[in-house]
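Examining the three-dimensional arrangement
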There are 4 protein chains.
Amino acid sequence: MTYSVAVSGASGYAGGEILRLLADHPEFEVRTVTAHSNAGQSLVAVQPHLRSYTHLTLRETNAETLAGHDLVFLALPHGTSGAVAAELSADTLVIDCGADHRLESSEAWASFYGGEHHGAWAYGVPELPRLSGTQRERLTGARRIAAPGCNASTVALSLAPGIRAGVIEDVDLVSVLAVGPSGAGKSLRTNLLASEILGSANPYAVGGTHRHIPEIQQALRWAGAAAPTISFTPVLVPMSRGILATSAARIVPGTDAATVRAAWEDAYAGELFVQLLPEGQFPRTADVQGANTALIGLAIDEAAGRVVVVAAVDNLVKGTAGAAIQSANIALGLAESTGLPLNGVAP
Amino acid sequence: MTYSVAVSGASGYAGGEILRLLADHPEFEVRTVTAHSNAGQSLVAVQPHLRSYTHLTLRETNAETLAGHDLVFLALPHGTSGAVAAELSADTLVIDCGADHRLESSEAWASFYGGEHHGAWAYGVPELPRLSGTQRERLTGARRIAAPGCNASTVALSLAPGIRAGVIEDVDLVSVLAVGPSGAGKSLRTNLLASEILGSANPYAVGGTHRHIPEIQQALRWAGAAAPTISFTPVLVPMSRGILATSAARIVPGTDAATVRAAWEDAYAGELFVQLLPEGQFPRTADVQGANTALIGLAIDEAAGRVVVVAAVDNLVKGTAGAAIQSANIALGLAESTGLPLNGVAP
Amino acid sequence: MTYSVAVSGASGYAGGEILRLLADHPEFEVRTVTAHSNAGQSLVAVQPHLRSYTHLTLRETNAETLAGHDLVFLALPHGTSGAVAAELSADTLVIDCGADHRLESSEAWASFYGGEHHGAWAYGVPELPRLSGTQRERLTGARRIAAPGCNASTVALSLAPGIRAGVIEDVDLVSVLAVGPSGAGKSLRTNLLASEILGSANPYAVGGTHRHIPEIQQALRWAGAAAPTISFTPVLVPMSRGILATSAARIVPGTDAATVRAAWEDAYAGELFVQLLPEGQFPRTADVQGANTALIGLAIDEAAGRVVVVAAVDNLVKGTAGAAIQSANIALGLAESTGLPLNGVAP
Amino acid sequence: MTYSVAVSGASGYAGGEILRLLADHPEFEVRTVTAHSNAGQSLVAVQPHLRSYTHLTLRETNAETLAGHDLVFLALPHGTSGAVAAELSADTLVIDCGADHRLESSEAWASFYGGEHHGAWAYGVPELPRLSGTQRERLTGARRIAAPGCNASTVALSLAPGIRAGVIEDVDLVSVLAVGPSGAGKSLRTNLLASEILGSANPYAVGGTHRHIPEIQQALRWAGAAAPTISFTPVLVPMSRGILATSAARIVPGTDAATVRAAWEDAYAGELFVQLLPEGQFPRTADVQGANTALIGLAIDEAAGRVVVVAAVDNLVKGTAGAAIQSANIALGLAESTGLPLNGVAP
């Protein structure tokens, strides 16, 4: 069966990546692409790398153009998808790549985003636990799915296994991320200019202000944390895409190294898209570039009393568009890996 | 007065940077440059950016060629400077840019480097405390100086003020560094190839194995720490030079934000080359590229209970060659900033 | 039908890219991977981005390990594939990604490569003309194929249509290429270190010494040139992969702009993997990253009397591994685009 | 004597670079910095790398704030400096870093820029010839100086010696440039975003439309060309600053290699800031990063009948701010190299 698909925000980076991946998806057929200021242009004029879509023209983003598809991807600015989604049929599978439907807590939403809270949808990281069960279970058959924040899901995948297994403490976590600027979208901001980023490492949202923090905490609570605390610092580095998250967590006293490592081994033993590397190996972002794969390396620093977890993710794929399509596959009962690349484009 | 200078390891990155800075130093005159495999070539054939030195030819590195100068910079592979230095006159000011003379602890040397330990020289980071006094005091009049490890000094400058002032705990520190590959020198290693590093973030020495850890701990003990522990992870990112160190330290319970911040303000109030940025501002490595300046930004994350200190340093300047020259200025009684650039080459 | 495949040089960049592409090829199954110094290691330890191949171990490169497959890819250092190929069965489809079998002229081989000349195989750029016919025709049913040089095929695709149509002169051509370092392979050379290439543009082989020049001339002779001459200069720039070739050719006097443009339109009208962009549009290498697509933009500079052709190619895909697989598809009678990506990984 | 200085456009890249260089100039003292939208802020808040200027606040750009200085640098958007300059005293040395006063030809101005033409000032590339004499002569004592376009001066320096000496033809020249995005300033344009430029080579102004073409032609006419024609193509590459210009010119038939090379040797024999490299050596942009140096390499391609000239320049230094200060030194009778860096910041 072929599902008809509409992609909104198709002129942006997330929308473009959804389209790139869908070109190789055997069950999904892109019928409609929409945009805001670029509506009326041919898609390939705005996204010249998407040669599969020379036949498509960008239309206005609104409920009318998006209606009538089996599957709608929303890749819109934060705060704008709630209204659009509300007008789409309940039978339509709607996947929101924005933040609007990720947080269960209205307080966290108000504190970090502000504006009206539209409630939480099924969370698009199937490999994460969800209290008594998994995210994957809740995604099955879902018709409303929130794709994750790229930084949030990378850190959650790094730390959830240790918390679920009780081998690391769930407070005083520390994560520092090297991230590429494509995660910030095509926004015209001075600090995203090439001249500002080439040859430089630039921190931002230092000191606990990043909007992905409550999303991380929510995922860690699903893993069993009571009241997780985390020091989280992203650093922009000169690569277009990619997240390398280095997370250090205090080992629960008395836990031996093998038991610590086993927590991650067990969590991801059956997973295709989240893989734990052998001892002594650590991932590079190039290894997952363009791929729906999260690679994780783990080291135990006995002197420091911490486990160090290094995770590499392509923010636009496993961090956004790939997570969205993987979740859609689950929701619709398709093989979970359908149409999704496993191998990175390296070097 | 003009001091005669010899620079060994002049064909490498550290040696080249010493020469670049010395070209603008009014009191130092480079008479001799030496190298290993490149001996016999003109300096500018190997270091084509150093147009001030078209008259110099690389000579063999040995005690004979280095003798007879007022000042000798050793930019040699780790483990090789001790023997050379032993043959130089006690009156000669010798500055070792390698690791050989940084560590006071023979055990730490044996554990992280191995081989014969040559003992510790005056440590070339004048802004750091040294028990009852400062490094600057010990550098005055010194004739043997160890330039710091670039990562080590960046982290030490980030954390020492808080420890000295008693506002942060001296254990369970966490530092993650984005670093450029020039810190690894011109070594022909696959993981340093451009194809491996462009477009990627690559961790290394994960889990407490990096050789700069004991050097950091030594500096923190000088600041008053009893038995400091730190989780330290460097990440190679695609910029030729620069270190952005993000360090998170637990605030001593009951310390208010103003008191925390005051520790760094007080420590660096009179310093030219280590500057604390105003609240809410954080440094980028481009801001210090080519300069002998360390810029520090600081945020207090009350939810996480940690202060986050972000420091930007050019590994080849304030991290190595600039620190060496600044220390030489002090040792010889010159104005400390003589010949040293303060402004970064940005963008 | 499934064809069994062996890939030699599997630890290098070209070999790795062949494997990345083959992972999505429905008719080819990789059974054997070989290497030189890395033989005995698991493939994924050396190529950690190739998660599809966790079951494969690198074997020694020799005729025994390569024998018995339907299809053998040789991604070996120049000058070494001839001997290996000679030992493989004439029925086996052998595709050489090295230079050994590209040049028909023994003199050109001797002048630019030296050593024994093994003669020319079918040339793996199906879109290029070949005297009275096309390369595609000669590739059909072939059992020995030479994949092209990446720079050479990019320039040949840029200029051949104008020469074939008689709208540009075939002498005094000028091409300048911005190229990523992956084209040089994993060689441990100082000029390929990240520190040397980050933040810099570095020319090499200036003044007509690059080995791809005779290969370009050969392709232009196939297009009808009598004695083509070209000034060819490659410039290494800080991107891991990609070629942007800017070629300027003198327009045959009296030819109007529409006629010039029509030469390229006609040449590539039916092609999937070589596309001429609309007037006023020019390609970026990011648009073809990871894809088997060559994008070409064309402008007529009447004041200068030249047509400027800008072509973007991923050196590892359309420039090497993709060309090899596309040619294999043709040789075996498969649909030409089988398993090959059309869309670039951008941004 | 100390000259008082005002810098307008101080929040941009060119203005920032003027300030960086002036910090080391012993005769110039920056009293006033002005900006447009950033007026009222402290300079160092906008240009955090300029630690020498923590005492300065940005003022409004207008004739009143700029009046009363010995020396005024205008680093303003094209088309806006003419009006400001007209209000400044004829005794004030005014250096325009914009294009407004570079072109002598009103027709060329109208054709490539449009709007009112303000006439040509002394041209700030002292090393170039100027009909019967040099630019340097005209700069001596001048009070109105046009700093050059960065691409234009790089190409002019590459080709003028061959034309002046009559060893290359002055028509059918071809130049292709790898350039960093800082040359385009801090403009908020999508094609200047880091995500667009990282990992990619992006051509622009293809086919003879770039505004620096008439400026190149003017310089070549000063060198003796009658009606020079040039195919000129710039390519944005992922480095923040730098120009690598590859220019190919037809050798006048019958001219031997030594005579060709001698033209450049003679032209730059006495120059400090424009240096011809030895035979077989070619410059990299890193070699001149941050320096006021143009490095030139030259190769003769006999098969192609062309000389290939490769020139490396830092667009913000020798291409703009350094050229401006070097010209100011000449105008005021100071030593030409006062305050200007000769060595590049590499790696």
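What counts and what doesn't
Here the residue index of a chain counts from 1 through its sequence in written order. The lettering of chains begins at A and the numbering of ligands begins at 1, in the order of writing. Two thresholds apply to this predicted model, a pLDDT of at least 70 for residue-level local features and 80 or more for giving and counting side-chain atom pairs, whereas whole-chain, interface and lining totals are computed over all residues. Water and hydrogen atoms were dropped before computing side-chain values, which therefore reflect all heavy atoms in the structure. The helix and strand labels rest on DSSP assignments: H or I over at least four residues marks a helix, E over at least two residues marks a strand, and numbering proceeds from the N terminus. Radius of gyration: over C-alpha atoms. The globule rule applied is 2.2 Å multiplied by the number of residues raised to the 0.38 power. Buried, partly exposed and exposed residues are distinguished by accessible area as a fraction of the type maximum, computed with a 1.4 Å probe on protein chains only: under 20%, between the cut-offs, and over 50%, respectively. What makes two residues a contact is simply this: any of their non-hydrogen atoms within 4.5 Å. Two strands are said to pair when DSSP picks up at least two bridges between them. Side-chain rings of Phe, Tyr and Trp, where Trp is taken by its six-membered ring, are said to pair if the distance between their centres is within 6.5 Å; with planes under 30 degrees apart they count as stacked, over 60 as edge-to-face, and otherwise as tilted. Two limits define a charge over a ring: the Lys NZ or Arg CZ must be within 6 Å of the ring centre, and within 35 degrees of the ring normal. We superpose the copies by least squares over the C-alpha atoms of residues that have a pLDDT of at least 70 in both of them. Two parts lose some accessible area (1.4 Å probe) when they are put together, and adding that loss for both gives the buried area. Each salt bridge in this description consists of a side-chain nitrogen of Lys or Arg and a carboxyl oxygen of Asp or Glu lying within 4 Å of one another. Under the rule applied, a polar contact is a pair of N or O atoms within 3.5 Å (in protein, one hydrogen donor and one hydrogen acceptor; residues adjacent in sequence only if both atoms are side-chain atoms). Whether a crossover is right-handed depends on one test, that the path from the first strand over the helix to the second runs clockwise when the strands point away from the viewer. Working rule for helices: expected span equals 1.5 Å times residues minus one. Note on bend: the value at a residue is the angle between axes fitted to the seven residues ending there and to the seven starting there. Here, nonpolar core means buried Ala, Val, Leu, Ile, Met, Phe, Trp, Tyr and Cys residues that are tied together by side-chain atoms lying within 4.5 Å of each other. UniProt positions are given in the numbering used here, feature names are shortened, and annotations may be inferred rather than shown by experiment.

1. Quick look at the overall build of chain A
- Helix and strand counts for chain A stand at 11 helices and 14 strands.
- Its C-alpha atoms give chain A a radius of gyration of 19 Å, within 12% of the compact-globule value 20 Å for 347 residues.
- If one aligns the C-alpha atoms of chain A with their principal axes, the spans along those axes are about 60 × 45 × 40 Å.
- The 347 residues of chain A split such that 66% are buried.
- For chain A, restricting intrachain contacts to residue pairs at least 6 apart in sequence, the fraction spanning at least 24 positions comes to 71%.

2. Remarks on the sheet that holds strand E8 (residues 173-179) of chain B
Residues and elements named next belong to chain B.
- Across the sheet, which stays open at both edges, the 7 strands sit in the order E9-E10-E8-E11-E14-E13-E12 with mixed pairing between neighbours. Edge positions in the sheet fall to strand E9 (202-203) and strand E12 (274-276), since each of these pairs with one other strand and no more.
- As judged from the 7 bridges shared by E8 and strand E10 (residues 230-236), these two strands associate in the parallel manner. Across the sheet, Leu173 pairs through a bridge with Ile230, a residue of E10.

3. Examining the packing of aromatic side chains
- Applying the stated rule across the entire model yields 12 aromatic pairs over all chains.
- Ring centres 4.4 Å apart and planes at 15 degrees place the aromatic pair Trp109(C) and Tyr113(C) in the stacked group.
- Among the residues examined, Tyr113(C) registers a relative accessible area of 15% and is labelled buried.
- Seen from the ring of Trp121(B), Arg144(B) lies directly overhead, with NZ or CZ sitting 5.9 Å from the centre.

4. Regarding the relation of the copies chain C and chain D
- With an RMSD of 0.0 Å, the operation that places chain C on chain D is a rotation of 180 degrees combined with a shift of 0.0 Å along the axis. On this basis, the relationship between the two copies can be described by a two-fold rotation axis.
- A shared interface surface links the copies, since 100% of the contact residues of chain C are contact residues in chain D too.

5. Concerning the relation of the copies chain B and chain A
- The two copies are related by a screw operation: chain B maps onto chain A through 180 degrees of rotation and 0.0 Å of translation along the axis, at an RMSD of 0.0 Å.
- Looking at chain B, 100% of its interface residues are interface residues in chain A too, so the copies touch through the same face.

6. Here we look at the interface of chain B and chain A
- Contact with chain B, which involves 42 residues of that partner, is made by 42 residues of chain A.
- Taking both partners together, chain B and chain A bury about 3,200 Å²; carbon and sulfur atoms supply 63% of that area.
- Among the residues of chain B in contact with chain A, Ala201(B), Val206(B) and Arg284(B) are the three that bury the most area, contributing 14% of the side total.
- Between Asp172(A) and Arg306(B) there is a salt bridge; the shortest N-O distance is 2.6 Å.
- The interface formed by chain B and chain A contains 12 residue pairs in polar contact (both at pLDDT 80 or more).

7. Considerations on the pairing of strand E5 (residues 93-96) of chain D
Residue and element names in this part refer to chain D.
- Residue alternation in E5 divides its side chains into two sets, Leu93 and Ile95 and Val94 and Asp96, and both sets are buried.
- When strand E4 (residues 71-74) meets E5, the two strands line up parallel, connected through 4 bridges. Across the sheet, residue Leu74 finds its bridge partner in E5, namely Asp96.
- Read from E4 through helix H4 (residues 81-86) to E5, the crossover connection turns out right-handed.
- Two elements, E5 and strand E7 (residues 144-146), share 3 bridges in a ladder whose sense is parallel. Bridge pairing in E7 links Ile95 to Ile145.

8. Re helix H11 (residues 317-331) of chain A
Residues and elements named next belong to chain A.
- Relative to the 21 Å expected for 15 residues at 1.5 Å per residue, H11 spans just 18 Å between its end C-alpha atoms, considerably shorter than the ideal helical length.
- Remark: the principal bend of H11, roughly 45 degrees, maps to Ala323.
- Here H11 lies mainly inside the structure; 15 of its 15 residues are buried.
- In the stretch just after H11, Gly333 is the one whose phi turns positive, near 80 degrees.

9. What to know about unusual backbone geometry
Residue and element names in this part refer to chain B.
- Each neighbour pair has its own omega, and for Ala346 with Pro347 the value is 0 degrees, a cis peptide bond.
- Summarising the element assignment, Pro347 is placed in the segment after helix H11 (317-332).
- Not every positive phi belongs to a glycine, and Asp172 is a case in point at roughly 60 degrees.
- Along the polypeptide, Asp172 turns up in the loop between helix H7 (150-164) and E8.
- Owing to a relative accessible area of 6%, Asp172 belongs among the buried residues under this scheme.

10. Things to note about the environment of Ala6(C)
Residues and elements named next belong to chain C.
- Tracing the chain through its elements places Ala6 in strand E1 (residues 3-8).
- Given the relative accessible area of 0%, Ala6 is considered buried.
- Separated by 165 residues in the primary sequence, Ala6 and Val171 have C-alpha atoms spaced 41 Å apart.
- The residues touching Ala6, leaving out its near neighbours within four places in the chain, are Thr32, Leu66, His69, Leu71, Val72 and Phe73.

11. A closer look at the sheet that holds strand E3 (residues 58-60) of chain C
Residue and element names in this part refer to chain C.
- A sheet is described by the order of its strands in space; here 7 strands give the open sequence E3-E2-E1-E4-E5-E7-E6, paired in parallel fashion. Here the strands that pair on one side only, and so sit at the sheet edges, are E3 and strand E6 (122-123).
- Of the strand pairs in this sheet, strand E2 (residues 28-35) and E3 are connected by 3 bridges, and their pairing is parallel. What sits directly across from Thr34, in E3, is Arg59.

12. Brief notes about the nonpolar core
- Membership of the largest hydrophobic core comes to 100 residues, with the highest contact counts inside it found for Ile168(A), Trp264(A), Val307(A), Trp264(D) and Val307(D).
- The residues touching Ile168(A), leaving out its near neighbours within four places in the chain, are Leu159(A), Gly162(A), Ile163(A), Leu173(A), Ala249(A), Arg250(A), Ile251(A), Val252(A), Trp264(A) and Val307(A).
- Residues Leu173(B), Ala156(C), Ala225(C) and Val309(C) belong to the second largest nonpolar core, which totals 99 residues.

13. Section: the pairing of strand E4 (residues 71-74) of chain C
All names here are of chain C.
- Side-chain alternation along E4 places Leu71 and Phe73 on one buried face and Val72 and Leu74 on a second face that is also buried.
- Summarising the sheet, E1 and E4 pair through 4 bridges and their orientation is parallel. From the neighbouring strand, Ser8 faces E4, where its bridge partner is Leu74.

14. Overview of the interface of chain C and chain D
- The partner chain D presents 42 residues to the 42 residues of chain C that form the contact.
- Interface area for chain C against chain D, summed over the two sides, is near 3,200 Å², with a carbon-plus-sulfur share of 63%.
- At the boundary of chain C with chain D, the tally comes to 6 salt bridges.
- Ionic pairing is found between Arg250(D) and Asp172(C), a salt bridge with its closest N-O pair at 2.5 Å.

15. What about the UniProt feature "active site" (unreviewed entry) in chain A?
Residues and elements named next belong to chain A.
- Per the UniProt record, "active site" (unreviewed entry) is found at Cys150.
- Within the element layout of this structure, Cys150 appears in helix H7 (residues 150-164).
- Beyond its immediate sequence surroundings of up to four residues, Cys150 is in contact with His212, Ile243, Asn315, Gly319 and Thr320.

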